[in-house]
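# Report on the structure
If you want the building blocks of each chain, they are given just below.
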Amino acid sequence: MVARRLLTLIPLALGITLFVFIVLQFSPYDPALSALGDQASAAQIHAFKDAHGLNDPLPLRYVHFVNDLLHGNLGSTFPPAVPVIDKIGTALPLTLQLTAFGIIGALVIGLVLGIVAALYRDRWPDQIIRFISMAGIAMPSFWLALLLIQYLAVEHQIFPNGGYVNPSDSFSGWIESLTLPAIALAIPVGCSLARIVRTSMVEELDRDYVRTATGAGLPPMVVVGRNVLRNALVNPLTVLGVRIGYLIGGTVIIEAIFSLPGMGSLIMTAVRNNDTALAQGAVLTIALGFVVVNLIVDILYYFANPRLRGGH
C-alpha cells in the first residue's frame, strides 16, 4: 500500500506542476514588462524573452520548467534579482510553524470536545458541545482573526495584534506572536474534527467488546483510554489530512491579517509586483506540501488501521 501511494505521488506532482505552470502562463501580466518597466522598447522586450525562453513553444517551456524544478531552480525574482528558492527558504519556516501550531490547537479542541460529547451523549454537555462545534465550523478564519485582534489585542492588549518575533530573540514573544493566528486557524478545524471524533467514539462505545470489558470489572476510563479512543481515532485521522490542507490554505490569509512574513505574504508580494516566477514557486511549494502531508497521513492511517495491515 505504501509503495503504491508513493508511485501515485509522481503523476500527481507532475499534474500539479502542469496546472500551476499553465495557469500562470495565461496571466495578463507580461513578465518582460514587469521586469524591464513600461518604458522598455520592443527590442529590449524581445531580447528579454529570448534570454529567458519566453518565446519558446509552451510544451518546451514546461519541459525546461520541470528540469529546472528537479535541479532546485525556481527562477529569480524581478530586479533586484534574488533566487526564488531563497525567498521561499526564508518564508516557509514561519508558515510551517504556524501550521504546526494550528494542527496542535485543532487536535486539542477536537479531541477534548469530541471525547466529552461522546461520553455524555444526548445529555446537556453533548448538546452544548454540538452548538459550539456548529458555531466554530461556521466561523471563517479571517473573521475570527479580526475578532481576536479586536478583543485580545486592541481592547485587552493580552497579545500583539501582528508581527513576528524570532524564537532566538524571544521565546515567549515567539509564542505570543503565533498564538492568535494559530487560534484563528485551529477553531474551525478543531470544531469540525470534534464532530468526527464524537461519531467515532459513539460507534466504538456501542461495540460488544466495551460491554464485555466493563462487565469484567475494568474501570471505564481504562477501557476508553486503551481501546475505545485508539480505535475511534482511525477515521478522524483521515479527516485531519484533508483539514490540514485547509490550514495550509488558511495561512495565506491569516499571515496577511497578522503581518507575518510567511508564504502568504510572499504570494501577496508576488501578486502586487506581478512577479510570475515568485508566485509560481510559492504556489507550487504550498500545493506540493499539501500532497506530501496527505501522503504522510495516508501512511499513518495504514499503520493505525489493523484491518488494512491484516489484508496485506
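Along every chain, residues carry numbers that run from 1 in the direction the sequence is written. Residues qualify for local features only when their pLDDT is at least 70, as the model is predicted, and side-chain atom pairs are given and counted only at 80 or more; totals for whole chains, interfaces and linings, by contrast, use all residues. Note that the side-chain values use all heavy atoms of the structure and ignore hydrogens as well as water.

## Regarding the packing of aromatic side chains
In this scheme Phe, Tyr and Trp rings, the latter by its six-membered ring, pair at centre separations within 6.5 Å, and the angle between planes marks the pair as stacked below 30 degrees, edge-to-face above 60, and tilted otherwise. Here the structure, examined in full by the defined rule, presents five aromatic pairs. Arranged with centres 5.5 Å apart and planes meeting at 55 degrees, the rings of Phe21 and Tyr62 form a pair that is tilted. With a gap of 41 residues between them, Phe21 in helix H1 (residues 2-25) and Tyr62 in helix H4 (residues 58-70) connect regions that are remote in the sequence. Judged by its relative accessible area of 4%, Phe21 falls in the buried class. Among the aromatic residues, ring-to-ring pairing joins Phe21, Tyr62 and Phe65 into one connected group. Secondary structure elements follow DSSP: runs of H or I no shorter than four residues count as helices, runs of E no shorter than two count as strands, and numbering proceeds from the N terminus. The cut-offs for exposure are 20% and 50% of the maximum accessible area for each residue type, with area from a 1.4 Å probe on protein chains only; residues under the lower value are buried, those over the upper are exposed, and the others partly exposed.

## As for the packing of helix H7 (residues 141-155) against helix H11 (residues 234-257)
In the contact formed by H7 and H11, the axes pass within 10 Å of each other and the chain directions differ by 40 degrees. Here H7 is positioned oblique relative to H11, judged by the angle of their axes. Crossing geometry of H7 relative to H11 is assigned as right-handed. Contacts between H7 and H11 involve Ser141, Phe142, Ala145, Leu146 and Ile149 on the former and, on the latter, Tyr246, Ile253, Ile254 and Ile257. Gly is put with the polar residues, along with every residue not named as nonpolar or charged; the nonpolar set is Ala, Val, Leu, Ile, Met, Phe, Trp, Tyr, Cys and Pro, and the charged set is Asp, Glu, Lys and Arg. A breakdown of the residues in the contact of H7 with H11 according to their chemical character gives eight nonpolar, one polar and no charged. Interaxial angles span 0 to 180 degrees and are taken between N-to-C directions of axes, which are lines fitted to C-alpha atoms, for helices over the stretch in contact. Note that the term roughly parallel is reserved for angles under 35 degrees, roughly antiparallel for angles over 145, roughly perpendicular for angles of 65 to 115, and oblique for everything else. Note on convention: the crossing is left-handed when the near helix lies turned anticlockwise from the far helix by less than a right angle, right-handed when the turn is clockwise. Contacts are assigned to residue pairs that have any heavy atoms within 4.5 Å of one another.

## A look at the environment of Thr285
Here Thr285 lies in helix H13 (residues 276-304). Using a relative accessible area of 23% as the deciding quantity, one classes Thr285 as partly exposed. A sequence separation of 22 residues divides Thr285 from Met263, and the C-alpha atoms of the two residues are 9.0 Å apart. In this structure Thr285 touches Ile88, Leu92 and Met263, once residues within four positions along its chain are discounted.

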